[in-house]
Amino acid sequence: MVVQIEILKSLPYCSGLSTAELDAIREFIFERTVGKGEIILLDGEPAEAIYFVVSGVIKIFKTSMEGKEQIITILRPRESFNDVPIFDSGPNLVSAQAMTPVVLYGIKKENVEVILRDYPQIAPNIIKVLAGQMRHLVSLIEDLSFKNVLGRVAKILLEPPGGDGAVRPRLTQQDMAAIAGTAREMIGRSLKALEGYGVIKVDRHRIVIMDKKALQEIAGLAT
Amino acid sequence: MIEMPEIDREKCNGCGLCIGVCYCQALKLANNIITVTETEKCGWCTQCEVVCPMGAIRCAFEIVIEEA
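Basis of the calculations
Residues numbered from 1 in each chain as written. Chains lettered and ligands numbered in written order. Predicted model: local features only at pLDDT ≥ 70, side-chain atom pairs only at ≥ 80, totals over all residues. Heavy atoms only, no water. Axes fitted to C-alpha atoms, helices over the stretch in contact; angles between N-to-C directions. Helix = DSSP H or I, 4+ residues; strand = E, 2+ residues; numbered from the N terminus. Parallel < 35°, antiparallel > 145°, perpendicular 65-115°, else oblique. Contact = heavy atoms within 4.5 Å. Nonpolar A, V, L, I, M, F, W, Y, C, P; charged D, E, K, R; others polar. Pairing = 2+ DSSP bridges. Salt bridge = Lys/Arg side-chain N within 4 Å of Asp/Glu carboxyl O. Buried < 20%, exposed > 50% of the residue type's maximum accessible area, 1.4 Å probe, protein only.

Peer 1: I keep staring at the packing of helix H6 (residues 149-158) of chain A against helix H8 (residues 184-197) of chain A and nothing clicks. Help me out?
Peer 2: Helix-helix packing: each pair is described by the crossing angle between the helix axes and the interaxial distance. Residues and elements named next belong to chain A. At a minimum axis distance of 9 Å, the contact between H6 and H8 shows a crossing angle of 80°. Accordingly, the angle class assigned to the pair H6 and H8 is roughly perpendicular. Mapping the contact onto sequence places Val 149, Leu 150, Val 153 and Leu 157 in H6 and Met 186, Ile 187, Ser 190, Leu 191, Ala 193, Leu 194 and Tyr 197 in H8. Considering only residue class, the contact of H6 with H8 consists of 10 nonpolar, one polar and no charged.

Peer 1: What is the right way to read the sheet that holds strand E5 (residues 62-65) of chain B from this model?
Peer 2: Sheet strands line up and pair through hydrogen bonds in the backbone, either parallel or antiparallel. On the basis of which strands lie adjacent, the open sheet formed by three strands has the order E9(A)-E10(A)-E5(B) and mixed pairing. Edge positions in the sheet fall to strand E9 (200-203) of chain A together with E5 of chain B, since each of these pairs with one other strand and no more. Strand-to-strand, the axes of this sheet are offset by a mean angle of 20°, without reference to chain direction. In this structure, E9 of chain A lies alongside strand E10 (residues 206-209) of chain A, joined through four bridges in antiparallel fashion. Across the sheet, Asp 203 of chain A pairs through a bridge with Arg 206 of chain A, a residue of E10 of chain A. Across the face of the sheet, H8 of chain A comes into contact with E9 and E10 of chain A while running at roughly 120° to E9 of chain A.

Peer 1: Whenever I open this one, the pattern of salt bridges confuses me. Can you help?
Peer 2: Two side chains with opposite charge may pair up if their charged atoms get near one another. According to the stated counting rule, one finds nine salt bridges over all chains in the structure shown. Across the pair Asp 118 of chain A and Arg 117 of chain A runs a salt bridge whose closest N-O atoms are separated by 3.0 Å. The closest approach of N and O atoms between Glu 49 of chain B and Arg 184 of chain A, which form a salt bridge, is 2.9 Å. One end of the pair, Glu 49 of chain B, is in helix H2 (residues 47-51); the other, Arg 184 of chain A, is in helix H8, on a second chain. For the pair Glu 49 of chain B and Arg 184 of chain A, a shared accessibility class is recorded, and that class is buried.

Here it is, written out as structure tokens:
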């Protein structure tokens, strides 16, 4: 399928480029279709291309040696990934998996160098995109390193705000993230950890507190 | 009645990203708005809520304390 100028125009990398310039760049771009659940690239493997999401949703993650997964971010249309390894010539930094059927535009590493040489006006756009990614990553590091998110989540489960005592409000993971002052990804991780400790059980849309005393200790509420 | 994700019709822009991520086929697009069909196959994975760019889907958890 032909790479579409209108889609290129909507990409942050291509902001401010003329139609003629986009038309010239488009010869370096390939389209790739990925099925739901398919792994697009793996952490540590040689980096081959930078990708832009045209349609669908991508999960960006890292996996520990023990098989534990940490979601770095979720990407939607117009966002890019695998930027850093293409620019610093290192291996893939993360893994990427399609959460839905996905269409990607890709630029091979050697062609990125040609584009940057011939169209240097694209550089400020790239810097802005990378700065945004850096900001997100620093925020995630802050959450993982300094915040006792587990304790905050335990407290939210014991004393969900907004209830009148008798009626406990229903909360989404996004609600809990906003209350705890953290990212949604940290809530899922915390709930899994609490379930692993046996203090809660997640049963579809119900979170059942199995060991209130233990949960109070985690929350720092034990007397 | 089976508990299902809630759609805020005013926020939904009909992008359909949630349909792509749903494993139980509970979500459908009708008149450019997402509708939810009750199904026991919905495992409350909350991925529809994750991917929605408009915050139009809520998969709220009921928090209960198990009686000793």
